[in-house]
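Structural overview
Each chain is listed here by its residues.
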Amino acid sequence: MTQITVELDDHSYPILVQPDALEQAATYLEKFANNRRLFILTDENVGPQILPKLQQALAGSGIEPVVKILPAGETSKSWRQLEDVTDWLLAQGVERSDTLVALGGGVTGDLTGFAASIVKRGCGFVQIPTSLLAQVDSSVGGKTAINSTAGKNLIGQFYQPRFVLIDPLVLNSLPDRELRAGYAEVVKYGLINDANFFTWCEANSGKLLNRDPEALSEAIIHSVRAKALIVAEDEKELSGRRALLNLGHTFGHALEAETGFSDKLVHGEAVAAGMALAFAYSVRRGHCDAADAERVAAHLKSVGLPYSLETASVRAPGQRLVDHMMHDKKMSGGTLPFLLARGIGQSYLANDVDLQDVAAFLDDSD
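Note that the structure is a prediction, hence the values are computed from the model and not measured. (Residues numbered from 1 in each chain as written. Predicted model: local features only at pLDDT ≥ 70, side-chain atom pairs only at ≥ 80, totals over all residues. Heavy atoms only, no water.)

1. Some remarks on the overall build of the protein chain
On a plain count of helices and strands, the protein chain comes out with 13 helices and 11 strands. Its C-alpha atoms give the protein chain a radius of gyration of 20 Å, within 12% of the compact-globule value 21 Å for 366 residues. Taken over the C-alpha atoms alone, the protein chain extends approximately 60 × 40 × 40 Å along its principal axes. Of the contacts formed within the protein chain by residues at least 6 apart in sequence, a portion of 75% connects residues at least 24 apart. Here the protein chain has roughly 14,600 Å² of accessible surface; of this, 46% comes from carbon and sulfur atoms. One way to put it: in the protein chain the 33 positive side-chain charges average out to a point 3 Å from where the 46 negative ones average out. (Helix = DSSP H or I, 4+ residues; strand = E, 2+ residues; numbered from the N terminus. Rg over C-alpha atoms; globule rule 2.2 N^0.38 Å. Contact = heavy atoms within 4.5 Å. Areas by Shrake-Rupley, 256 points an atom, 1.4 Å probe, with all protein chains shown as cover. Lys, Arg positive; Asp, Glu negative; His and termini not counted. Charge placed at Lys NZ, Arg CZ, Asp CG, Glu CD.)

2. Quick word on the layout of surface pockets
Over the atoms, a rolled probe matching the size of one water molecule traces out where space is still vacant. If you add up the space inside the second largest pocket, you get close to 200 Å³. As for the second largest pocket, its lining consists of 15 residues, of which Ala150, Gly151, Lys152, His324 and His327 are closest to the centre. Sorting the residues of the lining of the second largest pocket by element identifies strand E8 (151–158), helix H9 (249–258) and helix H12 (318–325) as the ones contributing at least two each. Counting residues per element, the lining of the second largest pocket draws most heavily on H9, at 4 residues. (1 Å grid on protein atoms, 1.4 Å probe; cavity = no way out; pocket = protein on both sides within 12 Å on 5 of 7 lines; lining within 4 Å. Points joined across faces, edges and corners; volume = space filled by probe spheres on them.)

3. With respect to the packing of aromatic side chains
The tally for this structure, following the rule as stated, stands at 8 aromatic pairs. Taken together, a centroid distance of 6.4 Å and an interplanar angle of 45 degrees make the contact between tyrosine 28 and phenylalanine 163 tilted. With tyrosine 28 in helix H1 (residues 25–29) and phenylalanine 163 in strand E9 (residues 163–166), this pair connects stretches of sequence that are 135 residues apart. The residues tyrosine 28 and phenylalanine 163 share a single accessibility class, namely buried. For the ring pair phenylalanine 32 and phenylalanine 163, a centre distance of 5.7 Å and an interplane angle of 15 degrees mean the geometry is stacked. Placement of phenylalanine 32 in the loop between H1 and strand E3 (37–43) and of phenylalanine 163 in strand E9 is noted, with a sequence separation of 131 residues between them. Summarising the burial analysis for this pair, phenylalanine 32 and phenylalanine 163 share the class buried. Members of the aromatic cluster, joined through ring pairs, are Phe251, Tyr281, Phe338 and Phe361. If you follow lysine 188 out to its NZ or CZ, it ends over the ring of tyrosine 189, 5.1 Å from the centre. Over the aromatic face of tyrosine 348 sits the side chain of arginine 342, whose NZ or CZ is 3.8 Å from the ring centroid. (Phe/Tyr/Trp six-rings, centres within 6.5 Å; stacked < 30°, edge-to-face > 60°. Buried < 20%, exposed > 50% of the residue type's maximum accessible area, 1.4 Å probe, protein only. Lys NZ or Arg CZ within 6 Å of the ring centre and 35° of its normal.)

4. Describing the packing of H9 against helix H10 (residues 267–284)
The interhelical angle for the contact between H9 and H10, taken along N-to-C directions, is 130 degrees, at an axis separation of 7 Å. On the basis of their axis angle, the class for H9 and H10 is oblique. Between H9 and H10 lies a crossing of right-handed hand. The residues of H10 that touch H9, namely those facing His249, Phe251, Gly252, His253, Leu255 and Glu256, are His267, Ala270, Val271, Ala273, Gly274, Leu277, Ala278 and Tyr281. Looking at side-chain class alone, the contact of H9 with H10 contains 8 nonpolar, 5 polar and 1 charged residues. (Axes fitted to C-alpha atoms, helices over the stretch in contact; angles between N-to-C directions. Parallel < 35°, antiparallel > 145°, perpendicular 65-115°, else oblique. Left-handed = near helix turned anticlockwise from the far one by under 90°. Nonpolar A, V, L, I, M, F, W, Y, C, P; charged D, E, K, R; others polar.)

5. Here we look at the pairing of strand E7 (residues 143–148)
As paired strands, E7 and E8 are joined by 5 bridges and run antiparallel to one another. Residue pairing in the sheet places serine 148 in a bridge with glycine 151 of E8. The loop that links E7 with its antiparallel partner E8 comprises 2 residues. (Pairing = 2+ DSSP bridges.)

6. Here's the deal with the sheet that holds E3
The mixed open sheet is built from 7 strands, whose spatial order is E1-E2-E9-E6-E5-E3-E4. Two strands in the sheet have a free side with no partner beyond their single neighbour: strand E1 (2–6) and strand E4 (64–70). Averaged over all adjacent pairs, the angle separating strand axes in this sheet is 20 degrees, with direction ignored. Sheet strands in contact with helix H3 (residues 79–91) are E3, E4 and strand E5 (99–104), and its direction is about 160 degrees off that of E4.

7. Some words on the nonpolar core
Core analysis: the biggest nonpolar cluster contains 82 residues, and Ile15, Leu132, Tyr183, Phe251, Val358 and Leu362 have the highest contact counts within it. Not counting residues up to four positions away in its chain, the partners in contact with leucine 132 are Leu171, Leu174, Leu179, Gly182, Tyr183, Val186, Leu208, Leu216 and Ile220. Within the second largest apolar cluster, 25 residues are counted, among which are Leu16, Leu29, Ala33 and Ile128. (Core = buried A, V, L, I, M, F, W, Y, C linked by side-chain atoms within 4.5 Å.)

8. What to know about H3
In this model, H3 (13 residues) spans 18 Å end to end at C-alpha, consistent with the 18 Å of a helix rising 1.5 Å per residue. The complete set of buried residues in H3 reads Gln81, Leu82, Val85, Thr86, Trp88 and Leu89. Down the axis of H3, the smallest arc covering the buried residues is 160 degrees, so these residues share one side. Away from its buried face by more than 90 degrees, H3 exposes Trp79, Arg80, Glu83 and Ala91. The inward-facing, buried residues of H3 contact E3, E4, E5, helix H4 (106–118) and E7. (Expected span 1.5 Å × (residues − 1). Arc of directions from axis to C-beta.)

So this is what it looks like as structure tokens:
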């Protein structure tokens, strides 16, 4: 068992990483069931596989699980689903002292967290992430949101969970594609500021993607510790430190928008291609050795992740992709900061990027 704390001024919270933690969920969740009930939100994919284990763990504890099953997929992060969830909670008599439990991947966590932040002006929520992407990234840090027609995650707020319970063994039921997609966020921690961890990824990706318990646990613990430190330093992206976690996301979100936020290109795949593009663009600007960009692309290729526009199956004019970027949350004063790299483990925030040059770069990359 490993416990990591996100150290924040008045709302610090623990993250517990433990194989088979789900079997002991009643022990960990009892303190959050103030009315002897928990509102559990999951989706139609995760529910049949994981929910019975959680319900069995709670059986006999005196805690009543009140369950809502959400549609699976990115389309659940919508105004319609947010309205449906909040109306359901109010119909169930939710109180501010109650706790919502997000049992699922990033979509479920984002939607549940946002609903928790606004219903009755804020009640508690707990994350039980069931995808690798959610375990190493989206369940930690308090970013909650839904999508809009203008872009991804544009409606939301920072709202921290009270507890995160991570059981690496639930990943045994995760489809291979989703495991690979989550691995992109693991690699990210090596690329932003830890070259040694990227080397570890190169050596251990095969074991991890074959669901070796030790490799998975090591990757999860390392990633969560790295994110917890950055979030503690810059909870709401005010200093720019937390922006490092967005490596690959500016390019990646544009690719997701171009593919309609659909399963044609899931989030982790878009981030993988986005990171490769960020390194390639850094080479174009003369800030990064081509060998580093080639090494990044080669590793992503070796694990079956997209590493270019072509491998992401995105064919669009560079200007159209840049138009998608114009809705990025980081846009300020007409300028869009980009996460670029001086090398592996040396990411930085660039505030002087010419978007027309980005469009030309994307056209050249097609």
